[in-house]
Amino acid sequence: DAKTTQPNSMESNEEEPVHLPCNHSTISGTDYIHWYRQLPSQGPEYVIHGLTSNVNNRMASLAIAEDRKSSTLILHRATLRDAAVYYCILRDIWNTGNQFYFGTGTSLTVIP
Amino acid sequence: DAGVIQSPRHEVTEMGQEVTLRCKPISGHNSLFWYRQTMMRGLELLIYFNNNVPIDDSGMPEDRFSAKMPNASFSTLKIQPSEPRDSAVYFCASSFLRAETQYFGPGTRLLVL
């Protein structure tokens, strides 16, 4: 599975939108883009995933660049409970297992 | 659903002792994963099972680590003998086979003195 690059940390004010970037310049055509987050003292939790088109769910939106070499996780209104480490992960759909390889992620601080 | 259950939540032991971590996956899930998280190395996959069969244990650090899944509702990760460098948070996760979403447990915080 291809690698991803994320900023180590970001800050956001409460109630404002947050855009978390992820670069994946070596992505292949069969790589899905996944986002997980890890709240303090908890295990990671699923946020969203997509292949080519932008995706929305109740937690966030995922914007995927046309060339798929980058993507952005969008939290529409950050709350204090969104303070977490956010991981951007690529996984090939032909991966016979379904294991994930987590990088270092982006630590998001939400300022009240 | 109770989610993935791990026990114990915290474990403090002395070097050389045997440590057994336990995991109960979500009912119906047929893939189970063991991860280890440290500040230095982040979140690492140790081993995973599909339908109770170990598929890839290449992440297991050395022979002191072993994992079993005797049935669909229970797995163990054993460290024997334990060493201080094994101190970490150990997570268990489960999913449907080839599903896109994994569900993680709360983790076991292990401290080896």
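So, how was this worked out
Residues numbered from 1 in each chain as written. Chains lettered and ligands numbered in written order. Predicted model: local features only at pLDDT ≥ 70, side-chain atom pairs only at ≥ 80, totals over all residues. Heavy atoms only, no water. Pairing = 2+ DSSP bridges. Helix = DSSP H or I, 4+ residues; strand = E, 2+ residues; numbered from the N terminus. Phe/Tyr/Trp six-rings, centres within 6.5 Å; stacked < 30°, edge-to-face > 60°. Buried < 20%, exposed > 50% of the residue type's maximum accessible area, 1.4 Å probe, protein only. Contact = heavy atoms within 4.5 Å. Buried area = accessible area lost by both parts, 1.4 Å probe. Salt bridge = Lys/Arg side-chain N within 4 Å of Asp/Glu carboxyl O. Nonpolar A, V, L, I, M, F, W, Y, C, P; charged D, E, K, R; others polar. Axes fitted to C-alpha atoms, helices over the stretch in contact; angles between N-to-C directions. 1 Å grid on protein atoms, 1.4 Å probe; cavity = no way out; pocket = protein on both sides within 12 Å on 5 of 7 lines; lining within 4 Å. Points joined across faces, edges and corners; volume = space filled by probe spheres on them.

Observations regarding the sheet that holds strand β7 (residues 70–75) of chain A
Residue and element names in this part refer to chain A. One open sheet accounts for 4 strands, arranged β2-β7-β6-β5; its pairing is antiparallel. At either margin of the open sheet sits one strand with a lone partner, and together these are β2 (18–23) and β5 (55–56). With 6 bridges joining them, β2 and β7 adopt antiparallel strand pairing. In the strand pairing of β7, Pro21 is matched with Thr72.

Examining the packing of aromatic side chains
Under the criterion given, the structure shown has 10 aromatic pairs over all chains. With 5.1 Å between their ring centres and 40 degrees between their planes, Tyr35 of chain B and Phe104 of chain B make a pair best called tilted. Of the two residues, Tyr35 of chain B is situated in strand β4 (residues 31–38) and Phe104 of chain B in strand β10 (residues 103–104); the sequence distance between them amounts to 69 residues. Ring centres 6.4 Å apart and planes at 80 degrees place the aromatic pair Phe91 of chain B and Phe104 of chain B in the edge-to-face group. In this pair, Phe91 of chain B is assigned in strand β9 (residues 88–95) and Phe104 of chain B in strand β10, connecting sequence segments 13 residues apart. Taking the relative accessible area as the measure of exposure, Phe104 of chain B reaches 12% and is therefore buried. Taken together, the ring pairs in this structure connect Tyr36, Tyr46, Tyr87 and Phe102 of chain A together with Phe33, Tyr35, Tyr48, Phe91 and Phe104 of chain B into an aromatic cluster.

Some points on the interface of chain B and chain A
Counting residues at the interface gives 22 residues for chain B and 19 residues for chain A. Carbon and sulfur atoms make up 47% of the surface buried where chain B meets chain A, a total of about 1600 Å² over both sides. The interface formed by chain B and chain A contains 0 salt bridges. When contributions to the side of chain B that touches chain A are tallied by element, the ones reaching two or more residues are β4, β5 (42–50) and β9 of chain B. Of the residues assigned to the side of chain B that touches chain A, the class counts are 11 nonpolar, 7 polar and 4 charged.

Details of the sheet that holds strand β3 (residues 31–38) of chain A
All names here are of chain A. Pairing is mixed in the open sheet, where 5 strands are placed in the order β1-β9-β8-β3-β4. Both outer strands of the open sheet, β1 (9–13) and β4 (45–50), are each paired with one neighbouring strand and no more. When strand polarity is set aside, the average angle formed by the axes of neighbouring strands in this sheet is 25 degrees. Bridge count for β1 against strand β9 (residues 106–111) is 5 bridges, and the pairing is parallel. Along β9, the bridge assignment pairs Asn13 with Ile111.

Remarks on the pairing of β7 of chain A
All names here are of chain A. Where strand β6 (residues 61–64) meets β7, 4 bridges bridge the pair, whose relative direction is antiparallel. By the bridge assignment, Ser61 is partnered in β7 with Ile74. If you look at the hairpin formed by β6 and β7, you'll find 5 residues sitting between the two strands, and Arg68 has a positive phi there, around 60 degrees.

Notes on the layout of surface pockets
When its volume is computed, the largest pocket comes out at roughly 460 Å³. Forming the boundary of the largest pocket are 23 residues, of which Val85 and Tyr87 of chain A together with Gln37, Thr38 and Met39 of chain B lie nearest the centre. It is strand β8 (residues 84–92) of chain A that provides the largest number of residues to the lining of the largest pocket, a total of 3 residues. In the lining of the largest pocket, the residues fall into 11 nonpolar, 10 polar and 2 charged.

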